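Residue strings, one per chain:
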Amino acid sequence: MTDTKTAGSSFKTKEIVNAGIFTALMAVCSWISIPTAVPFTLQTFGVFTAVLVLGGKLGTISVVVYILLGAAGLPVFASFTGGPGILLGSTGGYIIGFIFTALIMWAFEKPAAKNAAVRILSMVLGLAACYAAGTLWFMVVYGRANGAVSILTALGWCVFPFIIPDLVKIGLAFAVSPAIRKAAGI
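Rules used throughout
- All chains use their own residue numbering, which begins from 1 and follows the written sequence.
- Where totals are concerned, whole chains, interfaces and linings use all residues; where local detail is concerned, this predicted model gives features only for residues with pLDDT of at least 70, and gives and counts side-chain atom pairs only at 80 or more.
- The side-chain values count all of the structure's non-hydrogen atoms but skip hydrogen atoms and water molecules.
- Count a disulfide wherever a pair of cysteine sulfur atoms falls within 2.5 Å.
- Each axis is a line fitted through C-alpha atoms, and for a helix only the stretch in contact is used; angles between axes span 0 to 180 degrees, taken between their N-to-C directions.
- Helix and strand assignments follow DSSP, with helices taken as H or I runs no shorter than four residues and strands as E runs no shorter than two, numbered in order from the N terminus.
- The cut-offs work like this: below 35 degrees is roughly parallel, past 145 is roughly antiparallel, 65 to 115 is roughly perpendicular, and the gaps in between are oblique.
- Crossings are assigned a handedness: left-handed for a near helix turned anticlockwise from the far helix by less than a right angle, right-handed for a clockwise turn.
- Contacts are assigned to residue pairs that have any heavy atoms within 4.5 Å of one another.
- We call Asp, Glu, Lys and Arg charged. Ala, Val, Leu, Ile, Met, Phe, Trp, Tyr, Cys and Pro are nonpolar, and the rest, Gly among them, are polar.
- Per-residue confidence from the predictor is given as pLDDT, running between 0 and 100.
- Throughout, exposure labels follow a simple rule: accessible area from a 1.4 Å probe, protein chains only, divided by the maximum for the residue type, with under 20% read as buried, over 50% as exposed, and the rest as partly exposed.
- Throughout this description, a polar contact denotes any pair of N or O atoms lying within 3.5 Å of each other; where both atoms belong to protein, one of them has to be capable of donating a hydrogen while the other can accept it, and for residues adjacent in sequence the pair is counted only when both atoms sit in side chains.
- Multiplying 1.5 Å by the helix residue count minus one yields the expected span of that helix.
- For our purposes a nonpolar core is just a set of buried Ala, Val, Leu, Ile, Met, Phe, Trp, Tyr and Cys residues, chained together by side-chain atoms within 4.5 Å.

Describe the state of the cysteines, listing the residues and the values that go with them.
By the definition in use, this model includes zero disulfides. Not engaged in a disulfide, the cysteine Cys158 finds its nearest cysteine sulfur in Cys130; these two sulfurs lie 11 Å apart.

Give a description of the packing of helix α7 (residues 116-146) against helix α8 (residues 151-158) that names residues and reports values.
Look at α7 against α8: their axes get within 10 Å of each other, and the N-to-C directions meet at 110°. Here α8 runs roughly perpendicular to α7, going by the angle between their axes. Crossing of α7 against α8: the hand is right-handed. Residue-level inspection shows Thr135, Phe138, Met139 and Tyr142 of α7 in contact with α8, the latter providing Ile151, Ala154, Leu155, Trp157 and Cys158. Class assignment of the residues belonging to the contact of α7 with α8 gives a composition of eight nonpolar, one polar and no charged.

Can you tell me about the confidence of the model for the chain, naming the residues and giving the values?
Overall, the predicted model of the chain reaches an average pLDDT of 93, with 95% of residues at or above 70. Ranking the elements of the chain by mean pLDDT puts strand β1 (residues 3-6) last, at 50, and helix α3 (residues 56-71) first, at 98.

So what's going on with the environment of Phe40? Residues and values would help.
The residue Phe40 is located in strand β4 (residues 40-41) in this model. Residue classification places Phe40 among the buried positions, given a relative accessible area of 15%. Distance from Phe40 to Phe162, taken between C-alpha atoms, is 7.4 Å for residues 122 residues apart in sequence. Residues in contact with Phe40, not counting those within four places in the same chain, are Ile32, Ser33, Ile34, Phe162, Pro165 and Lys169.

Go over the packing of α7 against helix α9 (residues 163-184), please, and point to the residues and values.
The axes of two packed helices give the description: the angle between them and the distance between them. Taken N-terminus to C-terminus, the directions of α7 and α9 make an angle of 145°; their axes are 11 Å apart at the nearest point. Note on packing geometry: the crossing formed by α7 with α9 is right-handed. On α9, the residues that touch Ala116, Arg119, Ile120, Met123, Val124, Leu127 and Tyr131 of α7 are Ile163, Asp166, Leu167, Ile170 and Phe174.

So what's going on with the side chain of Thr23? Residues and values would help.
Of note, Thr23 is situated in helix α1 (residues 13-31). Here Ser62 takes part through its side chain, which lies 3.0 Å from a polar atom of the side chain of Thr23. Here Thr23 is in contact with Ser62, Val65, Tyr66 and Leu69, once residues within four sequence places are set aside.

Pulling in residues and values, what's your account of α3?
Residues spaced three or four apart along an α-helix point in a common direction, a consequence of the helix completing one turn every 3.6 residues. Helix length check: α3 (16 residues) gives 22 Å between terminal C-alpha atoms against 22 Å at 1.5 Å per residue, within 8%. What α3 keeps buried is the set Gly56, Leu58, Gly59, Thr60, Ser62, Val63, Tyr66, Ile67 and Gly70. With its phi angle positive at about 110°, Gly73 sits one or two positions after the end of α3.

Tell me what's going on with the nonpolar core, and back it up with residues and numbers.
The biggest cluster of nonpolar side chains holds 40 residues, and the ones touching the most others in it are Phe48, Val63, Tyr66, Ile67 and Phe98. Counting residues per element, the ones that place at least two in this core are α1, α2 (43-54), α3, α5 (92-107), α7, α8 and α9. Counting residues per element, this core draws most heavily on α2, at eight residues. If sequence neighbours within four positions are ignored, Phe48 has contacts with Thr101, Met105, Met123, Leu127, Asp166, Lys169, Ile170 and Ala173.

Structure (structure tokens):
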């Protein structure tokens, strides 16, 4: 297998390809919108799955690359959008929060290796960090444009409707990740 040197680190070609595949998976997941009373995408499922399958380091790199591609204007975000305006908009903090999700899951990687409950806890804590970053950002951006909004109102608009779907996505990511790892030879 060929090795590629990058910024002092050694990555195998297969690792780079896998990270690229999961970056693309996150884009595809962001385009899938589940029509409910409050529509939601599968972006967080893509983030959870990337870190569970690739591990903390490559999973986090995959998430960062996904966000950088979107920031550069590629239509990788929900509704085929991209560009800095999305990240600077009222919900951009939730996208940036994916980095916190990945970092928290990475921090729990060693204790989670043999403990399913710790893997699930790492995803729940990562999701909570994403919610916190996104909600704070939402309150700032929305507040500047429309006047101050209370934390409870922001949570009611941006978090509460998504808790159950996001917990389902955690369960799905947890369920499918071992099979994906096995099939990919990771």
